[in-house]
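Structural characterization, general
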Amino acid sequence: MTTPLPFDAYNSLSDAECEARIRAARHQLGKEVVLLCHHYQRADVYQHADLTGDSLKLSRLAAQADSPYIVFCGVHFMAEVADILSRPEQTAILPDLAAGCSMADMANLAKVERCWRELGEVLDVEREFTPVTYINSAADLKAFCGAHGGIVCTSSNAGSIARWAFAQRPKILFFPDQHLGRWTGHNLGIPLEDMQVWDPDLECGGLTPAQIEKAKILLWKGHCSVHQMFQKHHIDAFRARYPDGIVIAHPECNFEVCAASDHVGSTEFIVKTIKAAPPGTRWLVGTELNLVDRLAREMLPQNKIVQFMATTICMCSTMQRIDPQHLAWTLENLVAGQVVNPIVVPPHEAELAKRALDRMLAIS
């Protein structure tokens, strides 16, 4: 077995050199590789994508991929989903293993299992709660949901997933993003006071038995650091200056931002909505900077103005770790017959996680 090409030699390459080498490697590899990119991916990597989308769309595309190698330009949990949903002979690869997700890290298996045990001391948890994990979570949490009659959701399908979950059991444990869970519950007509926040660092989540018994949804105390940058005063300032402007936000934003927006939806929804809008419209967008910048450039010929909601730079820093240097290194290793950074979910965990993902895909 030959030794993989070391990354150090790529660190000093310019982006232009990397672009040329990426294109050459892609040409040599042909259909052996499919390159999936999330909408938040940086432009100098996104330009090489075969397939793009949000988490739900990319989950489906990973399940349908024919290539032996699936190179995922996203973050760790996305590559795990690709490994779970692809065929056994396919290999999912993440160009930089440091490309994680801070929100996903806010819930881990030990804390979720402790939560489940503590809920079981208050009521019959297996009969009362359906566990729902946002796709932005580790594979072992998806496996937990698979093992306990639960399911996975994305920001595209959270409403239909919640309706399914309530049809199974009267309550939902939703993790790790409290804001998506709250907005989803609100859209189903659940009062805010019937959605309690579970703090995993406090005994029994910091809640009383009475609060747990009354709650329809328990919201894990987690969030996306990018989307927490957006605030209602950004919307107020925009509306004061552009009364005819339109505001669109991702449901990972806080409740006040979502409630003040004209449209709320996933990255795929944001892209489709703005592209379908009449020429000459002006948009304030509350989601990650790379996506907003890309949309702004694409919409200029239609005289649509697309602007970023926050007044400070706000991007997914872990997604940024997938850079041209890491992509060139990954692809040239494949040309040399070496796989670097394969993402392999343990078989038993993958089986249970796939159960929860398949439930999601069946009703989405």
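So, here's what we can say about the structure. (Residues numbered from 1 in each chain as written. Predicted model: local features only at pLDDT ≥ 70, side-chain atom pairs only at ≥ 80, totals over all residues. Heavy atoms only, no water.)

**Here we look at the side chain of Arg 182**
- Structurally, Arg 182 can be placed in helix α10 (residues 178–187).
- Although Arg 182 is buried, it makes no salt bridge; Glu 256 carries the closest opposite charge, 7.2 Å away.
- When neighbours within four sequence positions are excluded, Arg 182 is seen to be in contact with Leu 192, Met 195, Val 197, Leu 219 and Phe 255. (Helix = DSSP H or I, 4+ residues; strand = E, 2+ residues; numbered from the N terminus. Buried < 20%, exposed > 50% of the residue type's maximum accessible area, 1.4 Å probe, protein only. Lys, Arg positive; Asp, Glu negative; His and termini not counted. Salt bridge = Lys/Arg side-chain N within 4 Å of Asp/Glu carboxyl O. Contact = heavy atoms within 4.5 Å.)

**Let's talk about the pattern of salt bridges**
- Applying the stated criterion across every chain yields a total of 15 salt bridges.
- For Glu 298, the salt bridge goes to Lys 275, with nearest N and O atoms at 3.6 Å. With Glu 298 in helix α15 (residues 289–299) and Lys 275 in helix α14 (residues 267–276), the pair connects residues that are 23 residues apart, well separated along the chain.
- The closest approach of N and O atoms between Asp 358 and Lys 354, which form a salt bridge, is 2.8 Å. With Asp 358 and Lys 354 both in helix α17 (residues 347–363), this residue pair falls 4 residues apart, about one helical turn.
- According to the relative accessible area criterion, Lys 354 is partly exposed, its value standing at 32%.

**What about helix α12 (residues 232–241)?**
- Taken residue by residue, α12 has His 234, Ile 235 and Phe 238 as its buried positions. The buried residues of α12 all sit within an arc of 95 degrees when viewed along its axis, so they share a single face. Exposed side of α12, more than 90 degrees from the buried face: His 233 and Ala 240 are the residues found there.
- Looking at the buried positions of α12, the neighbouring elements they touch are β10 (246–249), α13 (255–260), β12 (282–286) and β13 (305–308). (Arc of directions from axis to C-beta.)

**Regarding the packing of helix α2 (residues 15–29) against helix α16 (residues 324–335)**
- At a closest axis distance of 9 Å, the pairing of α2 and α16 adopts a crossing angle of 30 degrees. On the basis of the axis angle, α2 is roughly parallel to α16. Here the hand of the crossing between α2 and α16 comes out left-handed. Residues Asp 15, Cys 18, Arg 21, Ile 22, Ala 25, Arg 26, Gln 28 and Leu 29 of α2 touch α16, and the partners they reach there are Pro 324, Gln 325, Leu 327, Ala 328, Leu 331, Glu 332, Leu 334 and Val 335.
- Counted by class, the contact of α2 with α16 contains 10 nonpolar, 2 polar and 4 charged residues. (Axes fitted to C-alpha atoms, helices over the stretch in contact; angles between N-to-C directions. Parallel < 35°, antiparallel > 145°, perpendicular 65-115°, else oblique. Left-handed = near helix turned anticlockwise from the far one by under 90°. Nonpolar A, V, L, I, M, F, W, Y, C, P; charged D, E, K, R; others polar.)

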